[in-house]
There are 2 protein chains.
Amino acid sequence: MTHPILHGLRIVEVSAFIAAPIGGMTLAQMGAEVIRIDPIGGNIDLRRWPLAPSGTSLYWASLNKRKRSVALALNTPEGREIARALIAAPGEEAGILLTNLPASGWMGFDELRKAREDLIMLRLTGNHDGTGAVDYTVNCASGFPMATGRGGEPVNHVLPAWDIAAGLYLSTGLLAAERARRRDGQGREVTLALSDVMLASVGNLGYLADVAVNGTVRPPMGNELYGALGRDFETADGRRAMLVAISERQWRAIGKATGLAEKLAMIGPLLDVDLSTEGGRFAARRAIAAVLEPWFAARTLPEVAAAFEGSGVLWGPYQDFGQLLAEDPRCSPANPLFATVDQPGAGPVLAPGVPLAFSSNPRPEPAAAPVLGQDTEAVLAEVLGLSTAAIGRLHDAGTIAGPT
Amino acid sequence: MTHPILHGLRIVEVSAFIAAPIGGMTLAQMGAEVIRIDPIGGNIDLRRWPLAPSGTSLYWASLNKRKRSVALALNTPEGREIARALIAAPGEEAGILLTNLPASGWMGFDELRKAREDLIMLRLTGNHDGTGAVDYTVNCASGFPMATGRGGEPVNHVLPAWDIAAGLYLSTGLLAAERARRRDGQGREVTLALSDVMLASVGNLGYLADVAVNGTVRPPMGNELYGALGRDFETADGRRAMLVAISERQWRAIGKATGLAEKLAMIGPLLDVDLSTEGGRFAARRAIAAVLEPWFAARTLPEVAAAFEGSGVLWGPYQDFGQLLAEDPRCSPANPLFATVDQPGAGPVLAPGVPLAFSSNPRPEPAAAPVLGQDTEAVLAEVLGLSTAAIGRLHDAGTIAGPT
């Protein structure tokens, strides 16, 4: 097989920000042709921070890799007609729209279906009733900020986790709908609400059941695990390491690698707990930490890494984004996930592809994002069969725009 | 269409903890038949906290809804032979294995392929080189704990976001591989490393490019947004609200709903910033907050909610897990995502289904998780065609186990 796994699939994306762009990019990085349509001049996310010195958004570039970019005057009937034609273009593997913008008017499912009856349309909304919500306003309601940190005040996590999960639900849903269409010929509208992604996750992780069955609201516990042994430790060089033992094998590995097995074993009779169970180690976590703290405090992070190498100890270093890029060999071209790409307006950057690898298909090399409108002419020629003259007229009329 | 979207697809899952179970559950909740195989007595996650008073794990139950459970003596050749037969059972839509356990020995792809050449096998590892990692040890290295909170010490987020994303990459990858097999008849091994999920996400969100291009390591900013207006505010009743304005429309809505538009407009000339831009509002965020703080402090959370109702203001309440379940109408059977199910060992719990809805297919009602071994006999009869007598002999020999 010489083609990436999704070669041949064509998706039109009309999107902004994170969730839908991640869904589309995931499929693009698996080989699908993903055509992102934006208004001329760009959508609301085109200049989102962080920016490169050139003004290019590193945010936009990072979220739209390996897509094709088409810029259309979506505020005119002519521009919308071209968008509709791209969305409804023929082809067994085409006719798929992914959006997180308000899907009303010309973008309504019933309206677009007039142009292609078997259209698949994925639509991300804020709430299931159609009202608005974004990652930040969903996250505050999730319960997690109240359970993060040491208490006293809620702590928002900085990772837009709900957007990422929503993007991956969209890629899952898109492939499920395309699978079904291949069997029954039917199009589908697939809807997903960002707050439902949060609610499903809170439920799937057992937090709702814990409230309902036990009346327990999980309190914030700093960097400690709940129900098993795990915590961060400071090292001699002012760094930190996260140490975890979920299985008994991992617990024994800690004693062996640190040479503290005998001292750790004394904690069982000391506190009358069974250290061979997760619950016992959790109950004894403060005493265990008291024994381990001096061991970490006497060693630099590289010395800790050396002691744990090949030991079966489950641990990881704390790194900021700079240390991640500078120090972690997993975050380098040595990891097949990455390649250095030349991002227009930004220069060479380390860019990831998709983390999935398929044994019979090549994983596309990581690629840069387009500049806005980069592929307008090529897509109109290839997908709609427009002539150079027709494209020129649309350009002159301000209906389409090339790279800016 | 009377069937759920993935009706007919059969997946065998050999898993533990969060990531692979979420991948399998997502597909089960879309209508696939997902058979989770565990050792007799259960896998390492069977008693993971939180527990119901009965000892039933609410964690396990929440992560394995709508699956079938088969318990086999996987430490014996006979038990492994049955597992292999289930994995390799005939059927165009079968022959798919999802696992996050070490896939060596009988579980190796090349070994299992001897039983079914077109096997699709999804395998989650810790790191791309096969070494171990879990959500906690991946997260500490991601940079996010160093950018979360107010600084001074790293703050782990409590949400196992990398596990959730990994589960959804697995569901995406599984459908992509099954799509490809349908076209070319080939099986595939699909691999995914948990740390690659983290690394790809950090890159996709622009953090790596910001370091590489600007040398900027995003600092912790408490609950403030980066590059746009957003922060939490305390209310008169000791609650908190998250307020966000990304678009200019959302910014104007805040002025209108609070009656503070004139005061807010004064901040532009006061600080020489252009409040019609995201960057300007970000630069002026402290002054904007100073104007808004007394407005929130004078109102209870319900009064804030009433003032913002229908106003176009983008906001959300902070809630702990108990308040989420007690107060949020989205987290109730009024939301089609949810239903109250009777979970064995736990009683009635509010359980989510999958957040995706497909217009031409019913969304399966949320369902409970099985008890361990609940479906052993039925699956062996249906999938392998074993007789009652044969199943009885396997039971007597200790090769299989029913519900315990």
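Residues numbered from 1 in each chain as written. Chains lettered and ligands numbered in written order. Predicted model: local features only at pLDDT ≥ 70, side-chain atom pairs only at ≥ 80, totals over all residues. Heavy atoms only, no water.

What follows is about the overall build of chain A. Of the regular secondary structure elements, chain A holds 17 helices and 13 strands. Taking contacts inside chain A between residues at least 6 apart in sequence as the whole, the part at least 24 apart equals 67%. Only carbon and sulfur atoms are counted for the fraction: they give 52% of the accessible area of chain A, which is about 14200 Å². (Helix = DSSP H or I, 4+ residues; strand = E, 2+ residues; numbered from the N terminus. Contact = heavy atoms within 4.5 Å. Areas by Shrake-Rupley, 256 points an atom, 1.4 Å probe, with all protein chains shown as cover.)

Residues and elements named next belong to chain B. Along the chain, S57 turns up in the loop between β2 (33-39) and α2 (58-63). Residue classification places S57 among the buried positions, given a relative accessible area of 2%. Taking the C-alpha atoms as reference points, S57 and I96, separated by 39 residues in sequence, lie 27 Å from one another. From its side chain, S57 meets the backbone nitrogen of Y59 in a polar contact 3.3 Å long. (Buried < 20%, exposed > 50% of the residue type's maximum accessible area, 1.4 Å probe, protein only. Polar contact = N/O pair within 3.5 Å; in protein donor to acceptor, adjacent residues only side chain to side chain.)

Residue and element names in this part refer to chain A. If you check which residues of helix α14 (residues 301-308) are buried, you get L301, V304 and F308. The buried residues of α14 occupy one face: seen down the axis, they fall within an arc of 55°. Looking at α14, the residues exposed on the side facing more than 90 degrees away from the buried face are P302 and A306. Along its buried surface, α14 packs onto β8 (240-245), α10 (248-258), α13 (285-297) and β9 (314-317). Directly after α14, the chain includes G310, whose backbone phi takes a positive value near 70°. (Arc of directions from axis to C-beta.)

A few words on the pattern of salt bridges. Residue and element names in this part refer to chain A. Applying the stated criterion across every chain, the model contains 54 salt bridges over all chains. With a shortest N-O distance of 2.8 Å, R84 and E81 are connected by a salt bridge. In this pair, R84 and E81 are both assigned in helix α3 (residues 77-87), three residues apart and thus about one turn of the helix distant. In this structure, the salt-bridge partner of E327 is R239, at a minimum N-O distance of 3.2 Å. Remark: R239 occurs in the loop between β7 (229-234) and β8 and E327 occurs in helix α15 (residues 321-327); sequence separation between them is 88 residues. (Salt bridge = Lys/Arg side-chain N within 4 Å of Asp/Glu carboxyl O.)

The next subject is the nonpolar core. Grouped together as the largest cluster of nonpolar side chains are 120 residues, with contacts concentrated most on L6 and I11 of chain A together with L6 and I11 of chain B. Non-local contacts of I11 of chain B, meaning those with residues more than four positions away in its chain, are made with L27, A32, E33, V34, I35, I96, L98 and L174 of chain B. (Core = buried A, V, L, I, M, F, W, Y, C linked by side-chain atoms within 4.5 Å.)

Moving on: the domain arrangement of chain A. By domain assignment, chain A separates into domain 1 (10-202 + 331-401) and domain 2 (240-317). Taking only C-alpha atoms, the centre of domain 1 of chain A and the centre of domain 2 of chain A are 44 Å apart. (Domains from an automatic or database assignment.)

Now for the interface of chain B and chain A. Of the residues lining the interface, 145 residues belong to chain B; the matching set on chain A comes to 145 residues. Approximately 12200 Å² of surface area, both sides summed, lies buried where chain B meets chain A, with 68% of it carried by carbon and sulfur atoms. Linking chain B to chain A there are ten salt bridges. As a salt-bridge pair, R150 of chain B and E153 of chain A come within 2.6 Å of each other at their nearest N and O atoms. Across the chain B-chain A interface, the total number found is 44 residue pairs in polar contact (both at pLDDT 80 or more). Per-element accounting of the side of chain B that touches chain A gives the leading share, 18 residues, to helix α7 (residues 161-184) of chain B. Residue composition of the side of chain B that touches chain A, grouped by class: 86 nonpolar, 38 polar and 21 charged. Pairing between strand β12 (residues 357-358) of chain A and strand β6 (residues 188-193) of chain B: two bridges, direction antiparallel. Directly across from A357 of chain A, in β6 of chain B, lies its bridge partner T191 of chain B. (Buried area = accessible area lost by both parts, 1.4 Å probe. Nonpolar A, V, L, I, M, F, W, Y, C, P; charged D, E, K, R; others polar. Pairing = 2+ DSSP bridges.)

To continue, consider the sheet that holds strand β1 (residues 10-14) of chain A. Strand pairs in the sheet, formed through backbone hydrogen bonds, run parallel or antiparallel to each other. Judged by pairing direction, the sheet is mixed, and its eight strands sit side by side in the order β13(A)-β3(A)-β2(A)-β1(A)-β4(A)-β5(A)-β6(A)-β12(B) without closing on themselves. Looking at which strands have only one partner, the edges of the open sheet turn out to be β13 (400-401) of chain A together with β12 (357-358) of chain B. Across two bridges, strand β3 (residues 68-72) of chain A lies against β13 of chain A in antiparallel orientation. Note on β13 of chain A: the bridge partner recorded for A71 of chain A is A401 of chain A. Lying over the sheet, helix α1 (residues 19-28) of chain A contacts β1, β2 (33-39), β4 (96-99) and β5 (120-125) of chain A, oriented at roughly 160° with respect to β1 of chain A. (Axes fitted to C-alpha atoms, helices over the stretch in contact; angles between N-to-C directions.)

Inspection of the secondary structure puts E93 of chain B in the loop between α3 (77-87) and β4 (96-99). You can call E93 of chain B buried: its relative accessible area is 17%. Of note is the side chain of E93 of chain B, whose polar atom sits 2.9 Å from the side chain of R179 of chain A. For E93 of chain B, the residues in contact, after removing those within four places along its chain, are R179 and R183 of chain A together with H7, G8, L9, R10, E178, R181 and R182 of chain B.

With that out of the way, let us pick up the confidence of the model for chain A. Averaged over every residue, the pLDDT of chain A is 97; residues scoring 70 or more account for 100%. In the predicted complex, the global pTM is 0.98; the interface-specific ipTM is 0.98. (pLDDT = per-residue confidence, 0-100.)

So, on to the packing of aromatic side chains. Residues and elements named next belong to chain A. For the coordinates displayed, the defined rule picks out 24 aromatic pairs over all chains. Each ring, one from F144 and one from W162, has its centre 6.1 Å from the other, and the planes form 40°; the classification is tilted. In this pair, F144 is assigned in helix α6 (residues 144-147) and W162 in helix α7 (residues 161-184), connecting sequence segments 18 residues apart. Here the aromatic rings of F308 and W315 are separated by 5.6 Å at their centres, their planes lie at 65°, and the arrangement is edge-to-face. Accessibility assignment for this pair places F308 and W315 in one class, buried. (Phe/Tyr/Trp six-rings, centres within 6.5 Å; stacked < 30°, edge-to-face > 60°.)

To continue, consider the environment of V138 of chain A. Residues and elements named next belong to chain A. Here V138 lies in helix α5 (residues 135-139). It is 30 Å that separates the C-alpha atoms of V138 and R68, two residues lying 70 residues apart in sequence. Once residues within four sequence positions are removed from consideration, V138 is found in contact with A133, W162, L194, S195 and M198.

The next thing to look at is the relation of the copies chain B and chain A. You can overlay chain B on chain A at an RMSD of 0.0 Å; the transform is a turn of 180° with a shift of 0.0 Å along its axis. These values place the two chain copies in the arrangement generated by a two-fold rotation axis. Of every C-alpha in chain B, the one belonging to T172 of chain B sits nearest the axis of rotation, 2.2 Å from it. A share of 100% of the interface residues of chain B reappears at the interface of chain A, consistent with the copies meeting face to face through the same patch. (Least-squares fit on C-alpha atoms with pLDDT ≥ 70 in both.)

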